[in-house]
Amino acid sequence: MSIVNKNLAFPALMNEIFNPDWFGGEQVQVSNNNKLPAVNIKESDEAFELALLVPGRKKEDFKIEVDNELLTISTESKVETEKKENEVNTFQFRRREFSISAFKRAFNLPETINTEKIEATYENGILSFTLPKKEEALPKPKRLIALS
C-alpha cells in the first residue's frame with residue numbers, strides 16, 4: 001500500500017491543471033487485501049447476526065449455501081462490453097476502470113445454530129443474516145428450588 005502525501009498546494013495544483021487525465025488525477029495504489037466485504041457479527045441469547053457490507057449488488061447476484069455447518073456467501077458481477085447490432089455508441093472511453101468483481105466468503109457455524117431457520121435479507125448495500133440458536137442452546141430460565 002502506498003501513501004500519497006501532498007504538503008505543497010502549488011505543485012499539486014499545477015499537476016491538476018496540466019494533467020490530461022481530467023477524470024481521476026493521480027492513481028493511488030490501494031492494498032489488495034480489500035477484496036472481501038467487511039463483516040459484523042453480533043450474538044444475543046437467541047441468535048447470531050451477521051452483516052456484510054456489499055454495496056452495488058442485486059439480490060439475484062448472491063449465491064448463499066449452508067453445507068455441514070459451513071455458510072458460504074459468493075457473488076460475481078461483470079461489466080458487459082459487447083456491442084449489439086445496430087447500436088450506435090456516441091461515447092469514446094478516455095478511461096475505463098470497471099471490471100469483474102467477485103468474492104466468496106465462508107463461515108464455520110457452531111453446532112448450536114439451527115441451520116434450517118437461517119434468514120437473509122439484502123437492503124441498502126447490507127447483506128444481513130439471522131442465525132437462530134437451537135432450543136437446547138438457549139439459556140434456561142431461572143428456577144426456584146424449595147427447601148424441604
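Above: the structure in question.
Residues numbered from 1 in each chain as written. Predicted model: local features only at pLDDT ≥ 70, side-chain atom pairs only at ≥ 80, totals over all residues. Heavy atoms only, no water.

### Notes on the overall build of the protein
So, step 1. In terms of helices and strands, the protein carries 1 helix and 7 strands.
So, step 2. Written out in order from the N terminus, the α and β elements of the protein read α-β-β-β-β-β-β-β.
So, step 3. By sequence separation, contacts in the protein at least 24 residues apart represent 57% of the contacts at least 6 residues apart.
So, step 4. In the form shown here, the protein has an accessible surface area of approximately 13000 Å², with 51% of it arising from carbon and sulfur atoms. (Helix = DSSP H or I, 4+ residues; strand = E, 2+ residues; numbered from the N terminus. Contact = heavy atoms within 4.5 Å. Areas by Shrake-Rupley, 256 points an atom, 1.4 Å probe, with all protein chains shown as cover.)

### What about the nonpolar core?
So, step 1. Judged by nonpolar contacts, the single largest core of 16 residues is most densely connected at F62, L71, I73, L127, F129 and L131.
So, step 2. Contributing elements (two or more residues each) for this core: β2 (47-53), β4 (70-77), β5 (101-108) and β7 (126-132).
So, step 3. Ignoring anything within four residues of it in the chain, the contact list for L131 reads A47, F48, L50, L71, L109, I113 and I118. (Core = buried A, V, L, I, M, F, W, Y, C linked by side-chain atoms within 4.5 Å. Buried < 20%, exposed > 50% of the residue type's maximum accessible area, 1.4 Å probe, protein only.)

### Some words on unusual backbone geometry
So, step 1. Positioned with a positive phi, N68 is a non-glycine residue whose angle comes to about 50°.
So, step 2. Locating N68 in the fold gives a position in the loop between β3 (62-66) and β4.
So, step 3. Taking the relative accessible area as the measure of exposure, N68 reaches 68% and is therefore exposed.
So, step 4. Notably, N124 is not glycine yet its phi reads approximately 55°, a positive angle.

### A short note on the packing of aromatic side chains
So, step 1. Following the criterion strictly, the structure yields 1 aromatic pair and no others.
So, step 2. Sitting over the ring of F48, K133 keeps its end group 5.1 Å from the ring centre. (Phe/Tyr/Trp six-rings, centres within 6.5 Å; stacked < 30°, edge-to-face > 60°. Lys NZ or Arg CZ within 6 Å of the ring centre and 35° of its normal.)

### A word on the sheet that holds β4
So, step 1. What the 3 strands build is an open sheet, ordered β3-β4-β5; its pairing is antiparallel. Here the strands that pair on one side only, and so sit at the sheet edges, are β3 and β5. The average undirected angle you get between the axes of adjacent strands in this sheet is 10°.
So, step 2. As paired strands, β4 and β5 are joined by 8 bridges and run antiparallel to one another. Each residue of the ladder has a partner; that of L70, found in β5, is N108. (Pairing = 2+ DSSP bridges. Axes fitted to C-alpha atoms, helices over the stretch in contact; angles between N-to-C directions.)

### Here we look at the sheet that holds β2
Remark on secondary structure: sheet strands pair via backbone hydrogen bonds, oriented parallel or antiparallel.
So, step 1. Strand order in the open sheet made by the 4 strands is β1-β2-β7-β6, with antiparallel pairing throughout. Where the open sheet ends on each side, the last strands, each with one partner, are β1 (39-43) and β6 (119-123). The average undirected angle you get between the axes of adjacent strands in this sheet is 15°.
So, step 2. Taken together, the 7 bridges between β2 and β7 define a ladder with antiparallel strand orientation. Its bridge partner being in β7, L52 is matched across the sheet by L127.

### So, the side chain of T72
So, step 1. Mapped onto the elements, T72 comes out in strand β4.
So, step 2. For T72, the residues in contact, after removing those within four places along its chain, are K63, I64, E65, K104, R105 and A106.

### Brief notes about the pattern of salt bridges
So, step 1. Counted under the stated rule, the structure contains 3 salt bridges.
So, step 2. A salt bridge links E65 to K63, with the shortest nitrogen-to-oxygen separation between them at 3.6 Å.
So, step 3. Classification of E65 by relative accessible area gives partly exposed; the value is 40%. (Salt bridge = Lys/Arg side-chain N within 4 Å of Asp/Glu carboxyl O.)

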